[in-house]
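# Observations on chain architecture
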Amino acid sequence: MSKPLEGIKIIDFTHVQAGPACTQLLAWFGADVIKVERPGAGDVTRTQLRHVEDADALYFTMLNSNKRSLTLDTKTQAGKEVLEKLIKDSDVMVENFGPGALDRMGFSWARIQELNPGMILASVKGFSDGHHYEDLKVYENVAQCAGGAASTTGFWDGPPTVSAAALGDSNTGMHLAIGILTALHQKNKTGKGQKVAVSMQDSVINLCRVKLRDQQRLDALGYLEEYPQYPHGEFSDVVPRGGNAGGGGQPGWVLKCKGWETDPNAYIYFTIQGHAWAPICKALGKEEWITDPGYNTPRARQDKIFDIFKTIEEWLADKTKFEAVDILRTYDIPCAPVLSMKEIAEDKSLRESGTVVEVAHPKLGKYLTVGSPIKFSDMKVEVKASPLLGEHTDEVLADLGYTQEQIRAMHEARAV
């Protein structure tokens, strides 16, 4: 069965995480993604944090599956000519170079449009064009700080904290993939290409919109009733860090389970939703709380919320996190075990759904990676190994019409 994006050719001029995460997603769905890399070196993540000598690092393999690798030196005349042919033959170019790099390479937007009026040029930026920080170099944690995530993450008596989730990198890649697909859809209507840009700061802000909501409520009221600081604590004029409190107005917290003294992840997340209050009371054996006016409304419970969490922890004391969730799920109570990465790697359900995938690699052997988070009823997403450096150079050049003699000459000139 053909895949939805078959026939779409993408020049992948990206490196590290944000760009590769975007193009990998599109490759999974059938696009022909040609990763253009420096001869002899390639994407810097090929060698970062290696655990097998002389093999590509997991950092690279987990972000570049299903792609073809072309090595190309665009500083050479022959390399420039190859890129010109690629642009004429492709639908999308994705890049995350620093500002002005493509222009210095001789491939300004005007030149790209001249070569291919239907080309979509998709870019990852640190900050949006025209932003007063547009010249700043941005990495994952920089983006989390600039996008408001760090200032609202952590506990109120500690410093701003970055998340282990790639809010700046992979999140930006997902936003860019949506932009590319949208531009391709418009191109089908108009025949014209366009530039698509996503900044890492903007992508983080998009995920922090509920905190921007809270800032406006705080400005108006002077307090935020769903935060742990209410009603006994104090609020400043900025949204505070709320620890493990829920962001949607439903009180929640990470609670200890059996074994927490030795297992750093023997916890569950427990949410007290209004409609689930009666089932919660029944599960805890506290049915008198259902009708008690001191407990039977969210506002009445707020000043006692940590006493309630303490009672729940006492109930959890003789139950593992999995035992607790198995009981609570029968009451339709929102909760989940705090899963370690080892538990996720070994989770049978995640393997069966294709969320965690085992991939064979010619040098690494078998390794685990994250499969498509998007599931389809009519398509099975196949995750293939990432390409070795330059593995498809001759193949791509042949596709562009170069003869074997010409390809050999480019190798000798180190243009590829």
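Up top is the structure.
This report concerns the structure included in the present document.

Thresholds applied
Residues numbered from 1 in each chain as written. Predicted model: local features only at pLDDT ≥ 70, side-chain atom pairs only at ≥ 80, totals over all residues. Heavy atoms only, no water. Pairing = 2+ DSSP bridges. Helix = DSSP H or I, 4+ residues; strand = E, 2+ residues; numbered from the N terminus. Axes fitted to C-alpha atoms, helices over the stretch in contact; angles between N-to-C directions. Polar contact = N/O pair within 3.5 Å; in protein donor to acceptor, adjacent residues only side chain to side chain. Contact = heavy atoms within 4.5 Å. Salt bridge = Lys/Arg side-chain N within 4 Å of Asp/Glu carboxyl O. Buried < 20%, exposed > 50% of the residue type's maximum accessible area, 1.4 Å probe, protein only.

As summarised here, the arrangement of the six strands in space is β3-β2-β1-β4-β5-β6, forming an open sheet in which the pairing is parallel. Taken across any chain shown, the strands that pair with only one partner, and hence form the sheet edges, are β3 (68-71) and β6 (195-199). On average, each strand axis in the sheet is inclined to that of its neighbour by 20°, with strand direction left out of account. Bridge count between strand β4 (residues 92-95) and strand β5 (residues 120-125): four bridges; the pairing is parallel. What sits directly across from E95, in β5, is S123.

Leaving glycine aside, a negative phi is the common case for residues, and trans is the common case for peptide bonds. Residue P231 follows Y230 across a cis peptide bond; omega there is 5°. Relative to the helices and strands, P231 is located in the loop between α9 (209-221) and β7 (252-256). Although it is not a glycine, L49 sits at a positive phi angle of roughly 60°. As for its position among the elements, L49 is in the loop between β2 (32-37) and α2 (58-61).

With that settled, the discussion passes to the side chain of S69. By the element assignment, S69 lies in strand β3. Within the structure, S69 has its side chain in polar contact with the backbone nitrogen of G390 (distance 2.8 Å). In this view, S69 contacts K35, E37, R46, P387, L388, L389, G390, E391, H392 and T393; residues no more than four positions away in its chain are not counted.

On inspection of all chains with the given rule, the structure shows 23 salt bridges. Ionic pairing is found between D214 and R217, a salt bridge with its closest N-O pair at 2.9 Å. Here R217 and D214 lie together in helix α9, a separation of three residues that amounts to about one turn. Classification of D214 by relative accessible area gives buried; the value is 0%. We classify R217 as partly exposed; its relative accessible area is 25%.

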